[in-house]
Amino acid sequence: MGQMRPASEERFRSLYAAHYDDVLRFARRRTDPASADDVVAETFVVAWRRADDVPDRPGEALPWLYAVARLCLLNATRGDNRQRAVAVRLAARPAEPRREEADTVGDRLEMADAWQRLTPGEQEVLALAVWEDLTSPQAGRVLGISAAAYRLRLTRARRALARHLDHSLALAAARALAPEVSS
């Protein structure tokens, strides 16, 4: 790596300090912890090398870093020649849930089941809105699409999630109402 001007080096240090944790959480939601650390390192190497390309305006640097991290993740999966779905970290299911927690655990399991039925693209669009809390223009930038295209994809992903949740609820109701069959 080449030498940076002192002002550029200070800008990079500020960028790193301000956004490291966010980029790490972004990567950890999408891959295993060891790979996430590699993705974050690679993301900041790109930011170091392309310091002049990092946006200066408030609120634009983080989506730029997310876009770089996303490309690093895609490159990693391409190298392994396999597709990875967006990872969802749900709270671990207690061994024996208490009665008042049973509904919450059931809701989490239904959501996890519905989430797994989504395509990786639908998962990514929803994750950018829900977990990363990005605006449509920011999320669009991460995905390399317009804000309007992102909003359309988000609407479709929300509908797909709702359909999968309705399906899960219908199956649960059918199981609850079905008479027990003895063998």
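Use the structure listed above.
Residues numbered from 1 in each chain as written. Predicted model: local features only at pLDDT ≥ 70, side-chain atom pairs only at ≥ 80, totals over all residues. Heavy atoms only, no water.

Caption draft 1: Representation of the pattern of salt bridges within the structure. Taken as a whole and assessed by the stated rule, the structure comprises eleven salt bridges. Across the pair Glu124 and Arg30 runs a salt bridge, and its minimum N-O distance is 3.1 Å. Placement of the pair is Glu124 in helix H5 (residues 120-130) and Arg30 in the loop between helix H1 (6-28) and helix H2 (33-49), with a sequence separation of 94 residues. With a relative accessible area of 7%, Arg30 lands in the buried category. Of the charged contacts, one joins Glu132 and Arg30 as a salt bridge, the two residues approaching to 3.0 Å between their closest N and O atoms. Note that Glu132 is positioned in the loop between H5 and helix H6 (136-143) and Arg30 in the loop between H1 and H2, a separation of 102 residues in sequence. According to the relative accessible area criterion, Glu132 is buried, its value standing at 8%. Shared partners join several salt bridges into a network, and the residues in it are Arg29, Arg30, Glu124 and Glu132. (Salt bridge = Lys/Arg side-chain N within 4 Å of Asp/Glu carboxyl O. Helix = DSSP H or I, 4+ residues; strand = E, 2+ residues; numbered from the N terminus. Buried < 20%, exposed > 50% of the residue type's maximum accessible area, 1.4 Å probe, protein only.)

Caption draft 2: The arrangement of the packing of aromatic side chains in detail. The full count for this structure, using the stated rule, is eight aromatic pairs. Taking 6.3 Å as the distance between ring centres and 35° as the angle between the ring planes, the aromatic pair formed by Phe12 and Tyr16 counts as tilted. With Phe12 and Tyr16 both in helix H1, this residue pair falls four residues apart, about one helical turn. Judged by its relative accessible area of 14%, Phe12 falls in the buried class. Here Tyr16 falls in the partly exposed class, since its relative accessible area comes to 37%. Where Phe26 meets Tyr66, the ring centres are 4.4 Å apart and the plane angle is 10°; that geometry is what we call stacked. Residue Phe26 is found in helix H1, and its partner Tyr66 is found in helix H3 (residues 61-80); the two are separated by 40 residues along the sequence. (Phe/Tyr/Trp six-rings, centres within 6.5 Å; stacked < 30°, edge-to-face > 60°.)

Caption draft 3: Seen up close, the nonpolar core. Ranked by size, the top nonpolar core spans 37 residues in total, and within it Ala47, Leu128 and Tyr150 carry the most contacts. Listing elements by their share of this core, those giving two or more residues are H1, H2, H3, helix H4 (99-117), H5, H6 and helix H7 (147-177). Per-element accounting of this core gives the leading share, nine residues, to H3. If near-sequence neighbours (up to four positions away) are discounted, Leu128 is found in contact with Phe26, Arg30, Asp133, Leu134, Ala139, Val142, Leu143 and Tyr150. (Core = buried A, V, L, I, M, F, W, Y, C linked by side-chain atoms within 4.5 Å. Contact = heavy atoms within 4.5 Å.)

Caption draft 4: Summary view of the side chain of Thr43. Examined against the element boundaries, Thr43 turns out to sit in helix H2. A polar contact of 2.7 Å, which involves the side chain of Thr43, links it to the backbone oxygen of Val39. Beyond its immediate sequence surroundings of up to four residues, Thr43 is in contact with Val23, Leu65, Val68, Ala69 and Cys72. (Polar contact = N/O pair within 3.5 Å; in protein donor to acceptor, adjacent residues only side chain to side chain.)

Caption draft 5: Spatial organisation of H6. The buried fraction of H6 amounts to six of the eight residues, a majority that puts the element mostly inside the structure. The complete set of buried residues in H6 reads Ser136, Gln138, Ala139, Gly140, Val142 and Leu143. Note on H6: the residue one or two positions beyond its end, Gly144, has a positive phi of about 75°.

Caption draft 6: Structural context of the packing of H5 against H6. Where H5 meets H6, the axes come as close as 10 Å, and the angle between the chain directions of the two elements is 140°. The orientation of H5 with respect to H6, classified from their angle, is oblique. Two packed elements cross with a definite hand, and for H5 against H6 that hand is right-handed. Only Ala139, Val142 and Leu143 of H6 make contact with H5, whose side of the interface consists of Glu124, Val125 and Leu128. A class-by-class count of the residues in the contact of H5 with H6 yields five nonpolar, no polar and one charged. (Axes fitted to C-alpha atoms, helices over the stretch in contact; angles between N-to-C directions. Parallel < 35°, antiparallel > 145°, perpendicular 65-115°, else oblique. Left-handed = near helix turned anticlockwise from the far one by under 90°. Nonpolar A, V, L, I, M, F, W, Y, C, P; charged D, E, K, R; others polar.)

Caption draft 7: View of the environment of Arg141. Counting through the fold element by element, Arg141 comes out in helix H6. Arg141 sits 78 residues away from Pro63 along the chain, and the two C-alpha atoms are 6.7 Å apart. Excluding residues within four positions of it along the chain, Arg141 makes contact with Pro55, Glu60, Trp64 and Ala67.

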